[in-house]
Amino acid sequence: MRTVSTRLVSSRLAAAALGAALGASASGAATAEILRKGAWPDVEPKVSVEVTNEPRNEALKRVAQAAGWSLVLNVPPGDAVDLHVQDQPADRVLELLLADGSYVATRDGDLIAIAPAPAAPAPEKPAAGSPPAPSPAASPDDAEDEDAEEARPSSRGRDRFVTGGSLRIEKGEVVNDVSVIGGSLDVWGTVTGDIDVMGGSTHIHEGARVRGDVSTVGGPLTVADGASIDGDVDVVGGPLRRGERARIRGDVNNDANPMGGDGSSAKGASTLARKAGNAVTRTAFLFAFGAVMLALWPRRMEALKVEIAARPMRSFALGAVGVLGAVAVAAALCVTLIGIPFAVIGLLLAVVAVVAGGCAVLETAGAGLFGHRTRNPYAHLAIGCLGLLIVSGIPYVGGALCAAVALIGAGALVATRLAGLLRPRPREGAGGPYRTAP
């Protein structure tokens, strides 16, 4: 059994200890050599790994997992090793674990494939008495071409755009930006740019790599174990299914899937419970505020209710115009330093008035649903608040309904002159509806 041990003393001393330990176990083997192919970064992440009496391949997998690599092994399992590594470069640990022979490590992003190096063909023996054949000298141009080929980064690939059909990125294929409309997408290879899918499912399979962002609308997104996304993930109108070993480096935004889909059920349940608690608290506050308004100003609330029931679309239009006008007036007041306090006070009063109008809308809705059961306005308000609480949990529909309730309430306030608080100025002369009765 081989033993590999390092201490936080010096990187060179630790590497020398690793090399000595592995070299002792590989005595008698051919000269070890690791040939790197592909684009390898100058600095690899440092890893800390603890392995006790496990095959060499298992230790390689532990190192790859700690470094964030996806590893494909085509090498013998190897002898059992003890690995005690603390803050050492991952590529150095990889080379020392493969010090028992010659291997080729091919890299594409974070995907690394390791296989034995092909055996060099034996040189032909010259015939007896014939002079040895001169070896051809490599020209400087050929050497420069080989160096440039090794140093050249991987190709970005070409853009792919598909409308009304599905697309499949095969394993080993490299593409740049991918856009799919009205179809599904399966990614097995590498995407160097962004992915945009609308109206279809998206599946990032094991070993696939996306270096940009992933955005999907109207379809599910599945990120399998071993898949990697370097950018952000936005999923609108569909669930996100994420494997436990899937890696997403950027931010994840998925309002339709509060449970996360990545195995973090506890975190998703906590987020869902917090959102539900906030919604219940807001609804309770709305009911309490409406109950106070019904108790203090029942006639004014009844005036708003009559206006809303008689002309709901007119109230909605007046509410939209009134909100835009209030914003314009507040912006005009904020131009001067003296007008800023008036703008703040006016906006606060407007918010209170809109909440009161919204309570009138909810009471009207509750009366329309259960008016034949009870005439209690508080019961009507409670039924309207409960219906708003239920519908507000639906993505997009809930937000649109809350905005409609606020606008209708604001429009009713405009139509009734703040429920009669602002009385119209009487016209000069007798006659008309403004004449005072004797």
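Since the model is a prediction, treat every value here as computed from it, not as a measurement.

Asker: Would you explain the overall build of the protein in this entry?
Answerer: Within the protein, the secondary structure is distributed over 11 helices and 22 strands. Out of the 438 residues in the protein, the part that is buried amounts to 32%. Look at the contacts in the protein between residues 6 or more apart in sequence, and 41% of them connect residues 24 or more apart. Surface summary for the protein: the accessible area is close to 25700 Å², and the carbon and sulfur share equals 61%.

Asker: Please explain the packing of helix 6 (residues 298–310) against helix 7 (residues 312–333) as it appears in this structure.
Answerer: Two elements in contact, helix 6 and helix 7, have axes separated by 5 Å at closest approach and are oriented at 105°. Judged by the angle between their axes, helix 6 and helix 7 are roughly perpendicular. Judged by residue contacts, E307, I308, A309 and A310 of helix 6 engage P312, R314 and S315 from helix 7. Split into classes, the residues belonging to the contact of helix 6 with helix 7 amount to four nonpolar, one polar and two charged.

Asker: What am I meant to see in the sheet that holds strand 14 (residues 202–204) here?
Answerer: Either a parallel or an antiparallel arrangement is found when strands of a sheet pair, and the pairing is made through backbone hydrogen bonds. Strand order in the open sheet formed by five strands is 9-11-14-17-20, with parallel pairing between adjacent strands. Each having just a single partner strand, strand 9 (167–169) and strand 20 (240–242) make up the two edges of the open sheet. Averaged over all adjacent pairs, the angle separating strand axes in this sheet is 5°, with direction ignored. Where strand 11 (residues 185–187) lies against strand 14, three bridges are found, and the strand directions are parallel. Opposite L185, over in strand 14, you have T202 as the bridge partner.

Asker: Would you mind going over a negative patch on the surface with me for this structure?
Answerer: A surface patch of like charges, here negative, comprises D159, D177, D194, D196, D213, D234 and D251. By the element assignment, D234 lies in strand 19 (residues 233–236). Here D234 falls in the partly exposed class, since its relative accessible area comes to 31%.

Asker: Looking at this structure, how should I read the nonpolar core?
Answerer: In terms of nonpolar packing, the biggest core is built from 24 residues, with L185, I195, I204 and V223 touching the most fellow members. Elements with a contribution of two residues or more to this core: strand 9, strand 10 (174–181), strand 11, strand 13 (195–198), strand 17 (221–223) and strand 19. Counting residues per element, this core draws most heavily on strand 10, at three residues. Those residues in contact with L185 that sit more than four places away from it in its chain are L167, I169, V178, V180, I195, V197, S201, T202 and H203.

Asker: What exactly am I supposed to notice about the environment of F370 here?
Answerer: Within the secondary structure, F370 is located in helix 8 (residues 339–370). Dropping the residues within four chain positions of it, F370 is found in contact with H380 and I383.

Asker: Whenever I open this one, helix 7 confuses me. Can you help?
Answerer: Given 3.6 residues to a turn, an α-helix orients residues that are three or four positions apart in the same direction. Between its first and last C-alpha, helix 7 extends 31 Å over 22 residues, near the 32 Å set by a 1.5 Å rise per residue. Residues of helix 7 that are buried make contact with helix 6, helix 8 and helix 10 (397–415).

Asker: Got a minute to help me understand helix 9 (residues 377–391) in this structure?
Answerer: Between its terminal C-alpha atoms helix 9 stretches 21 Å, which fits the 21 Å expected from 15 residues at 1.5 Å a residue. Those residues of helix 9 lying buried are H380, L381, G384, C385 and L388. Along the long axis of helix 9, the arc covered by the buried residues comes to 130°, so they all point the same way. A side-chain oxygen of the first residue of helix 9 lies 3.0 Å from the backbone nitrogen of Y378; this N-cap is N376.

Asker: What is the right way to read the side chain of R107 from this model?
Answerer: Tracing the sequence through the fold places R107 in strand 6 (residues 102–108). Judged by relative accessible area, which is 8%, R107 ranks as buried. Apart from residues no more than four positions distant in its own chain, R107 is found in contact with K37, G38, A39, W40, P41, E44, W69 and I112.

Asker: Explanation requested: a nonpolar patch on the surface in the structure shown.
Answerer: Taken together, the side chains of F161, I181, M198, V217, V236 and Y396 define a hydrophobic patch exposed on the protein surface, amounting to about 590 Å² of accessible area. Turning to its location among the elements, Y396 is positioned in the loop between helix 9 and helix 10.

Asker: What's the story with the pairing of strand 10 in this structure? I'm lost.
Answerer: Consecutive side chains of a regular strand alternate in pointing toward one face of the sheet and then the other. As defined by bridge partners, strand 8 (residues 158–163) adjoins strand 10 across five bridges and the pair is classed as parallel. Note that in strand 10 the partner of V162 across the bridge is V180. In this structure, strand 10 lies alongside strand 12 (residues 190–191), joined through two bridges in parallel fashion. Among the inter-strand pairings, V174 is bridged to a residue of strand 12, identified as T190. Relative to strand 13, strand 10 runs parallel, the two being bridged by four bridges. Bridge pairing in strand 13 links V180 to V197.

Asker: Just checking my understanding: could you explain the environment of N376 for this structure?
Answerer: Tracing the backbone shows N376 in the loop between helix 8 and helix 9. Residue classification places N376 among the partly exposed residues on the basis of a relative accessible area of 35%. A polar contact of 3.0 Å, which involves the side chain of N376, links it to the backbone nitrogen of Y378.

Asker: Any chance you could explain the packing of helix 8 against helix 9 here in plain terms?
Answerer: Packed helix pairs are characterised by how far apart their axes lie and by the angle those axes make with each other. Look at helix 8 against helix 9: their axes get within 7 Å of each other, and the N-to-C directions meet at 100°. Here helix 8 is positioned roughly perpendicular relative to helix 9, judged by the angle of their axes. In this structure, helix 8 uses C359, L362, E363, G366, A367 and F370 to contact helix 9, whose residues at the interface are P377, H380, L381, I383, G384, C385 and L388. A per-class count over the contact of helix 8 with helix 9 returns nine nonpolar, three polar and one charged.

Conventions we followed
- Residues numbered from 1 in each chain as written.
- Predicted model: local features only at pLDDT ≥ 70, side-chain atom pairs only at ≥ 80, totals over all residues.
- Heavy atoms only, no water.
- Helix = DSSP H or I, 4+ residues; strand = E, 2+ residues; numbered from the N terminus.
- Buried < 20%, exposed > 50% of the residue type's maximum accessible area, 1.4 Å probe, protein only.
- Contact = heavy atoms within 4.5 Å.
- Areas by Shrake-Rupley, 256 points an atom, 1.4 Å probe, with all protein chains shown as cover.
- Axes fitted to C-alpha atoms, helices over the stretch in contact; angles between N-to-C directions.
- Parallel < 35°, antiparallel > 145°, perpendicular 65-115°, else oblique.
- Nonpolar A, V, L, I, M, F, W, Y, C, P; charged D, E, K, R; others polar.
- Pairing = 2+ DSSP bridges.
- Patch = residues over 30% accessible without salt bridge, like charges linked within 9 Å, V, L, I, M, F, W, Y side chains within 5 Å.
- Salt bridge = Lys/Arg side-chain N within 4 Å of Asp/Glu carboxyl O.
- Lys, Arg positive; Asp, Glu negative; His and termini not counted.
- Charge placed at Lys NZ, Arg CZ, Asp CG, Glu CD.
- Core = buried A, V, L, I, M, F, W, Y, C linked by side-chain atoms within 4.5 Å.
- Expected span 1.5 Å × (residues − 1).
- Arc of directions from axis to C-beta.
- Polar contact = N/O pair within 3.5 Å; in protein donor to acceptor, adjacent residues only side chain to side chain.

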